[in-house]
Amino acid sequence: MRKKVTVVGAGNVGATTAQRLYERGYMDVVLVDVVEGMPQGKALDIQESGPVLGVDASITGTNGYDESADSDVVVVTAGVARKPGMSRDDLLFTNMRIVGAVVQEAVKRSPDAVLVVVSNPLDAMVQHAYGVAGFPKERVVGMAGVLDTARFRTFLADELGVSVRDVQAYVLGGHGDQMVPLVKHTTVGGVSIGELLSAERLEAVIKRTQGGGGEIVALLKTGSAFYAPSAATAEMVDAILLDQKRQLPCAALLEGEYGIDGVYMGVPVILGAGGVERVVELELTAAEREALDRSADGVRELVEAMANAPAA
């Protein structure tokens, strides 16, 4: 029997994620959205690519959650997209209500699933999903670090004129301009980045990484990134469904690791069939630890704002 994954939200991120997962061929996919006809139409379009790709899996579009029953993984992409000029609080409160409603419905049908949250603001949304789901912390995880690290690796490869496959790096912390690239753990073909790039050029790459999402929003003007986020999400789903024990940077609930307690933050984890099987604690420089603490403070502010959210 094939594995089953539900993707909630059939916008650009959700639909592209569903497409990437369907094309892997070893899982059946359910695409859920409230807009009548949209998930059905996108699912049908994707399914009709099956004969060309040689994929026999199924993909179903629906406006309800019954078809999602007994999913192994539920990916939550639902929410409004980030728009130029949108305030942080506007995005926070709107998506908090959407994500909360989605998680309530999804966990009723799939009580043993792993939740992968993609909606923004990411760290706050995964924390909210954890509170609503009532799942063990291991089975609620956020996608951000894989994406942020991919952007960092992309920009470094461009800067150095090397293959992205040879660039190894980690980006920790909250998903935003307070993310923390770990320079000490960044290498190209095993060579420390400090030996290959000047401090000035490296700082420029870090700044571009921290503003990577905003750069795409500014260019698109009417939307936000979805190709790279969907690829990052699919990598996480593979790690869970195939029990790959991948060491990936993901948003996990910290309970003392890195000196941080009670908030979801991007950190390296071992991701497998159980979800977050453990948090990997890397040695940080004093500056990196200070930056991670500041990032945690930023996440706490969002969590506190949600706790005091105005009534709908």
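Quick note: structure is the one above.
Residues numbered from 1 in each chain as written. Predicted model: local features only at pLDDT ≥ 70, side-chain atom pairs only at ≥ 80, totals over all residues. Heavy atoms only, no water.

Asker: Teacher, can you tell me more about the overall build of the protein chain here?
Answerer: The secondary structure content of the protein chain amounts to 10 helices and 14 strands. In terms of C-alpha radius of gyration, the protein chain reaches 19 Å, essentially the compact-globule figure of 20 Å for 312 residues. Over its C-alpha atoms, taken along the principal directions, the protein chain stretches across nearly 55 × 50 × 40 Å. Put simply, the protein chain has 312 residues, and 50% of those count as buried. Relative to all contacts within the protein chain whose residues are 6 or more apart in sequence, the contacts with residues 24 or more apart total 68%. (Helix = DSSP H or I, 4+ residues; strand = E, 2+ residues; numbered from the N terminus. Rg over C-alpha atoms; globule rule 2.2 N^0.38 Å. Buried < 20%, exposed > 50% of the residue type's maximum accessible area, 1.4 Å probe, protein only. Contact = heavy atoms within 4.5 Å.)

Asker: I would appreciate a short explanation of the pattern of salt bridges in the present structure.
Answerer: A side chain of one charge can pair with a side chain of the opposite charge if their charged atoms are brought near each other. Under the criterion given, the structure shown has 15 salt bridges. A salt bridge links arginine 109 to glutamate 105; the nearest nitrogen and oxygen atoms lie 2.5 Å apart. Within this pair, arginine 109 and its partner glutamate 105 are both found in helix H4 (residues 88–109), separated by four residues, close to a single helical turn. Exposure remark for arginine 109: the relative accessible area of 22% places this residue in the partly exposed category. Residue glutamate 105 is classed as partly exposed on the basis of its relative accessible area of 25%. Among the ionic pairs, lysine 207 bridges to glutamate 203, the shortest N-O distance being 3.9 Å. (Salt bridge = Lys/Arg side-chain N within 4 Å of Asp/Glu carboxyl O.)

Asker: I keep staring at the nonpolar core and nothing clicks. Help me out?
Answerer: Most often, soluble globular proteins keep nonpolar side chains buried together rather than apart. Formed by 57 residues in total, the largest nonpolar core has its most connected members in Val5, Val116, Met236, Tyr258 and Leu271. The dominant element in this core, judged by the number of residues it contributes, is helix H9 (residues 227–241), at seven residues. The residues touching valine 116, leaving out its near neighbours within four places in the chain, are Val73, Val74, Val75, Val76, Val141, Met143, Thr233, Met236 and Ile240. Within the second largest apolar cluster, 33 residues are counted, among which are Val30, Tyr65, Val74 and Ala251. (Core = buried A, V, L, I, M, F, W, Y, C linked by side-chain atoms within 4.5 Å.)

Asker: Explain the packing of aromatic side chains here, please?
Answerer: The tally for this structure, following the rule as stated, stands at two aromatic pairs. Both rings, one in phenylalanine 226 and one in tyrosine 227, keep their centres 4.3 Å apart while their planes meet at 40 degrees; by these two values the pair is tilted. Phenylalanine 226 sits in the buried class, given a relative accessible area of 16%. Residue tyrosine 227 is classed as exposed on the basis of its relative accessible area of 55%. Over the aromatic face of phenylalanine 155 sits the side chain of arginine 208, whose NZ or CZ is 4.1 Å from the ring centroid. (Phe/Tyr/Trp six-rings, centres within 6.5 Å; stacked < 30°, edge-to-face > 60°. Lys NZ or Arg CZ within 6 Å of the ring centre and 35° of its normal.)

Asker: Mind showing me how you'd approach the sheet that holds strand S7 (residues 167–168) here?
Answerer: Sheet architecture is open: three strands sit in the order S7-S10-S11, paired in antiparallel fashion. At either margin of the open sheet sits one strand with a lone partner, and together these are S7 and strand S11 (191–192). Examined bridge by bridge, strand S10 (residues 187–188) and S11 share two bridges and lie antiparallel to one another. The residue of S11 that forms the bridge with valine 188 is valine 191. (Pairing = 2+ DSSP bridges.)

Asker: Teacher, can you tell me more about the pairing of strand S13 (residues 261–272) here?
Answerer: Residues in a regular strand point their side chains to alternate faces of the sheet. Among the 12 residues of S13, 10 are classified as buried, and the element is accordingly described as predominantly covered. Across 10 bridges, the pairing between strand S12 (residues 246–255) and S13 is antiparallel. For alanine 251, the partnering residue across the bridge sits in S13 and is glycine 266. Two successive antiparallel strands, S12 and S13, enclose a turn made up of five residues, where glycine 256 displays a positive phi of approximately 110 degrees. For S13 and strand S14 (residues 275–279), the ladder comprises four bridges, and the chain directions are antiparallel. When the bridges of S14 are listed, glycine 272 appears paired with glycine 275. Linkage of S13 to S14, two consecutive antiparallel strands, is achieved through a turn of two residues.

Asker: Can you walk me through the side chain of aspartate 123 in this structure?
Answerer: Considering the arrangement of structural elements, one finds aspartate 123 in helix H5 (residues 122–133). Judged by relative accessible area, aspartate 123 falls into the buried class, the value being 5%. Of the polar contacts made by the side chain of aspartate 123, one reaches the backbone nitrogen of histidine 175; its length is 2.7 Å. (Polar contact = N/O pair within 3.5 Å; in protein donor to acceptor, adjacent residues only side chain to side chain.)

Asker: Where do I start with the layout of surface pockets in this structure?
Answerer: If you roll a probe as big as a water molecule over the atoms, it shows you where there is empty space left. Its volume calculated, the second largest pocket comes out at about 370 Å³. Lining of the second largest pocket is provided by 17 residues; of these, Val146, Thr149, Arg153, Glu235 and Leu248 occupy positions nearest its centre. Elements with a contribution of two residues or more to the lining of the second largest pocket: helix H6 (145–160), S7, H9 and S12. Taken together, the residues of the lining of the second largest pocket break down into 10 nonpolar, four polar and three charged. (1 Å grid on protein atoms, 1.4 Å probe; cavity = no way out; pocket = protein on both sides within 12 Å on 5 of 7 lines; lining within 4 Å. Points joined across faces, edges and corners; volume = space filled by probe spheres on them. Nonpolar A, V, L, I, M, F, W, Y, C, P; charged D, E, K, R; others polar.)

Asker: It is not clear to me how the packing of H6 against helix H7 (residues 199–210) should be interpreted in this structure. Could you clarify?
Answerer: Each packed pair of helices is defined by two parameters, the angle between the axes and the distance between the axes. At a closest axis distance of 9 Å, the pairing of H6 and H7 adopts a crossing angle of 145 degrees. By crossing handedness, the relation of H6 to H7 is classed as right-handed. Each of Asp148, Arg151, Phe152, Phe155, Leu156 and Glu159 in H6 lies in contact with H7, whose residues at this interface are Arg201, Leu202, Val205, Ile206, Arg208 and Thr209. In terms of residue class, the contact of H6 with H7 is made up of six nonpolar, one polar and five charged. (Axes fitted to C-alpha atoms, helices over the stretch in contact; angles between N-to-C directions. Left-handed = near helix turned anticlockwise from the far one by under 90°.)

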